[in-house]
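# Chains, contacts and geometry: an overview
Next come the chains, spelled out residue by residue.
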Amino acid sequence: MKWTDVDPDRVGLRVERLGIRRDARPILSDVSLTVRAGELLALVGPNGAGKSTLLAAICGDLAPAAGTIEFAGRPLTRWAPVELARLRAMLPQRATMSFPFTVAEVVAMGRAPWAGTRLAAEDDDAVAEALRLTGMQTFAGRVFSALSGGEQARVALARVLAQRTPMLLLDEPTAALDLHHQELVLRLARDRAQQGGSVVIVLHDLGLAAAYADRIALLAGGRLVADGPPDAVLTADRLSEVYQHEVEVLPHPHTGVPLVLPVRP
Ligand code: ADP
Ligand code: MG
């Protein structure tokens, strides 16, 4: 399966009344969320809200205490590991690399799920394309551990893109990036969605989320506080309460896209 070959009606993610506990403590409670094929969902919320936990559960790395997760109408638990690996790619919030791999090697690792399949023929093409999309082609021969934090983040994203999965789960992909590369990453995510993928992206920059996401899901204290189009979710009252900091929300003078500004004394 390649993401461009997938029937758009069959991709997509449904999370139903999900509960996750860790160390006997509830981390997520009653979270329901749908991401259709072709949709870019931004997942936002304060530190500790449970955003990374939700991505880990969707990825299949954490077993739910309650509720269900389905891809393309089939429960997560009924996908074989190799099928899952070809279905969704995850960019973790923190990635470490203990061996001196080159950038090209790190990105090529993303192709492992396709080894021995017909689509392994696309490996070189997928790696080259991912390096080009992230602007890392001139870094291909460099050692990953000797790159800057932002460069490493772009390589990690390239590895995810090289997987060519119909679903992308990106946990704070822009955290280490400059303004230009933040925009680049959001454009890539939006392109993937427009080509029929389902993309979930954790962001702290609410303006970036408003500008690019089809929908925003706001998580706080392990619960979904709001889910909808950016201008419906990003209201000053709601954000001020959730972030415990007074904010103003103003429409952009030309585009009308919400701009979120913390109130500064
Ligand atoms: P976010 O990504 O929204 O900042 P996380 O999903 O990482 O938040 O964390 C949500 C909550 O779960 C936090 O209170 C955090 O301390 C807790 N948590 C995260 N990882 C673990 C873990 N491995 N064991 C126990 N609790 C954890
Ligand atoms: Mg997190």
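Residues numbered from 1 in each chain as written. Chains lettered and ligands numbered in written order. Predicted model: local features only at pLDDT ≥ 70, side-chain atom pairs only at ≥ 80, totals over all residues. Heavy atoms only, no water.

The protein chain goes by Hemin import ATP-binding protein HmuV in an unreviewed UniProt entry, where it is assigned to Micromonospora gifhornensis.

Those protein atoms acting as donors to the magnesium ion (ligand 2) are Ser52 (OG) and Gln93 (OE1), and they sit at 2.1 to 2.2 Å. With Ser52 in helix 1 (residues 51–59) and Gln93 in the loop between strand 6 (88–91) and helix 3 (103–109), this pair connects stretches of sequence that are 41 residues apart. The exposure class assigned to Ser52 is partly exposed, which follows from its relative accessible area of 26%. Judged by its relative accessible area of 38%, Gln93 is partly exposed. (Donors = N, O, S within 2.8 Å, 3.2 Å for Na, K, Ca; no water. Helix = DSSP H or I, 4+ residues; strand = E, 2+ residues; numbered from the N terminus. Buried < 20%, exposed > 50% of the residue type's maximum accessible area, 1.4 Å probe, protein only.)

To continue, consider the site of ligand 1. Close to ligand 1 lie Arg22, Asp23, Arg25, Ile27, Pro46, Asn47, Gly48, Ala49, Gly50, Lys51, Ser52 and Thr53, which account for all nearby residues. Between an oxygen atom of ligand 1 and a side-chain N or O atom of Arg25, the distance comes to 3.4 Å. Thr53 has a polar side-chain atom sitting 2.5 Å from an oxygen atom of ligand 1. Looking at the shell around ligand 1, the elements with two or more residues in it are strand 2 (25–36) and helix 1. Among the elements that make up the shell around ligand 1, the one with the highest residue count is helix 1 (three residues). Residue classes in the shell around ligand 1 are distributed as three nonpolar, five polar and four charged. (Near = heavy atom within 4 Å. Polar contact = N/O pair within 3.5 Å; in protein donor to acceptor, adjacent residues only side chain to side chain. Nonpolar A, V, L, I, M, F, W, Y, C, P; charged D, E, K, R; others polar.)

Moving on to the packing of aromatic side chains. All chains considered together, the criterion is met by one aromatic pair. Where Phe99 meets Phe101, the ring centres are 6.1 Å apart and the plane angle is 70 degrees; that geometry is what we call edge-to-face. The class of Phe99 is exposed, set by a relative accessible area of 55%. Across from the ring centre of Trp79, 3.9 Å away, lies the NZ or CZ of Arg74, which sits over that ring. (Phe/Tyr/Trp six-rings, centres within 6.5 Å; stacked < 30°, edge-to-face > 60°. Lys NZ or Arg CZ within 6 Å of the ring centre and 35° of its normal.)

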